[in-house]
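What the coordinates show
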Amino acid sequence: MSQFGYAIRQLSAAQKSSKGVSLYSRYVNRPAGRVLAAAGYTLKLTPNQITLISAVFTFTGVAMIATLRPSPAVAAGIFAALVIGFALDSADGQLARLTRTGSAAGEWLDHVVDCAKMLALHMAVLLSFYRYFGFSDPRCLLIPVAFQFAAVVVFFGGILTEQLKRAERQKSGAAGPAPAAPASMLRSVALLPVDYGVFCAIFLLFGSRDLFMTLYCCLLVAHLLFMVAFLVKWYRELSAPTPAPAPVPGR
């Protein structure tokens, strides 16, 4: 059995829950990440090395957005760099689970890179708007600022909620993660407008100012609406009383 085939089989049998995951991540990004994780396993790469390779692809795309004049060829290059970076972002966690080498430092590095790319992407779009899009109304430059705000708040709020829930479970004596509810296809479809992979896809139209601007604004509105919904949901979940630990039999 080849190392690559072994890794694919092991990863296929140990996938994370699809609850709260969009259709793109569920059927495109995670399978692509699985293949890249298996390739990394074959090449004896570490999860942190995969994270750094992901960052190289992502920030190459960011640099192209900020410095190159929009065109169909540039758009294709940006899309390829961002999508490969996103797939590698899935691969590092999958490789960590396969090799049982996950660590707090690795999780920290992954989250720092994720946060940096969100900040950098929208700053790069702002630079491109200023340099190449020729907007007559300077208020258009506030659009990437608003998008960056919504994306970072959702990212930080989600990570913080996850960590606080984990701390509450440990405090209450609950072992392991909370049981996952079955994945909902309707929810997976509804989450598409705020999926990072869908955001990457709009850069295929980066060479067309009007089309790109229209889709960018549509995704901004979706992010703002989801930001409000997520914040309310997370606050309610954290406000709910923590269930008492189950009694230990025989005591």
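Reference entry: report on the structure contained in this document. (Residues numbered from 1 in each chain as written. Predicted model: local features only at pLDDT ≥ 70, side-chain atom pairs only at ≥ 80, totals over all residues. Heavy atoms only, no water.)

**Considering the overall build of the protein chain**
Counting its regular elements, the protein chain contains nine helices and zero strands. Beginning at the N terminus, the succession of helices and strands in the protein chain can be written as α-α-α-α-α-α-α-α-α. For the protein chain, the exposed area adds up to about 13,800 Å²; of that, 69% sits on carbon and sulfur atoms. (Helix = DSSP H or I, 4+ residues; strand = E, 2+ residues; numbered from the N terminus. Areas by Shrake-Rupley, 256 points an atom, 1.4 Å probe, with all protein chains shown as cover.)

**Looking at the pattern of salt bridges**
Going through the model one piece at a time under the given rule, you end up with nine salt bridges. Each of Asp89, Asp114 and Lys117 takes part in one network of salt bridges that share partners. (Salt bridge = Lys/Arg side-chain N within 4 Å of Asp/Glu carboxyl O.)

**Focus: helix α5 (residues 104-133)**
A rise of 1.5 Å per residue sets the reference length of α5, with its 30 residues, at 44 Å; its end C-alpha atoms lie 42 Å apart and thus fit the reference within 8%. Gly134, located one to two residues past α5, shows a positive phi value of around 60°. (Expected span 1.5 Å × (residues − 1).)

**Focus on the packing of aromatic side chains**
In the structure shown here, the tally under the stated rule is 21 aromatic pairs. With centroids separated by 5.1 Å and ring planes inclined at 85°, the aromatic side chains of Phe129 and Phe135 adopt a geometry described as edge-to-face. Where Tyr196 meets Phe199, the ring centres are 6.3 Å apart and the plane angle is 40°; that geometry is what we call tilted. Separated by three residues within a single helix, Tyr196 and Phe199 lie in helix α8 (residues 196-201), roughly one turn from each other. Assessed through its relative accessible area of 14%, Tyr196 is described here as buried. Here the aromatic residues Tyr24, Phe86, Phe129, Phe133, Phe135, Phe147, Tyr196, Phe199, Phe203, Phe206, Phe212 and Tyr216 are joined through ring pairs into a cluster of three or more. Taking NZ or CZ as reference, Lys117 lies 4.3 Å from the ring centre of Tyr196, over its face. (Phe/Tyr/Trp six-rings, centres within 6.5 Å; stacked < 30°, edge-to-face > 60°. Buried < 20%, exposed > 50% of the residue type's maximum accessible area, 1.4 Å probe, protein only. Lys NZ or Arg CZ within 6 Å of the ring centre and 35° of its normal.)

**Remarks on a nonpolar patch on the surface**
Taken together, the side chains of Tyr27, Val28, Met185 and Val189 make up a nonpolar region of the molecular surface, amounting to roughly 360 Å² of accessible area. Listing elements by their share of the nonpolar patch, those giving two or more residues are α2 (23-42) and α7 (185-190). Within the secondary structure, Met185 is located in helix α7. A relative accessible area of 42% places Met185 in the partly exposed class. (Patch = residues over 30% accessible without salt bridge, like charges linked within 9 Å, V, L, I, M, F, W, Y side chains within 5 Å.)

**What to know about the packing of α5 against helix α6 (residues 142-171)**
Their axes nearest at 8 Å, the elements α5 and α6 cross at an angle of 170°. Classified by the angle their axes make, α5 and α6 are roughly antiparallel. Each of Glu107, His111, Asp114, Cys115, Met118, Leu119, His122, Met123, Val125, Leu126 and Phe129 in α5 lies in contact with α6, whose residues at this interface are Pro144, Val145, Phe147, Gln148, Ala151, Val152, Phe155, Ile159, Gln163 and Arg166. For the contact of α5 with α6, a count of residues per class yields 14 nonpolar, four polar and three charged. (Axes fitted to C-alpha atoms, helices over the stretch in contact; angles between N-to-C directions. Parallel < 35°, antiparallel > 145°, perpendicular 65-115°, else oblique. Contact = heavy atoms within 4.5 Å. Nonpolar A, V, L, I, M, F, W, Y, C, P; charged D, E, K, R; others polar.)

**A look at the nonpolar core**
Judged by nonpolar contacts, the single largest core of 32 residues is most densely connected at Ile65, Phe199, Phe203, Phe212 and Tyr216. What Tyr216 contacts, discounting residues up to four positions off in sequence, is His122, Val125, Phe129, Ile143, Pro144, Phe147, Phe199 and Ile202. (Core = buried A, V, L, I, M, F, W, Y, C linked by side-chain atoms within 4.5 Å.)

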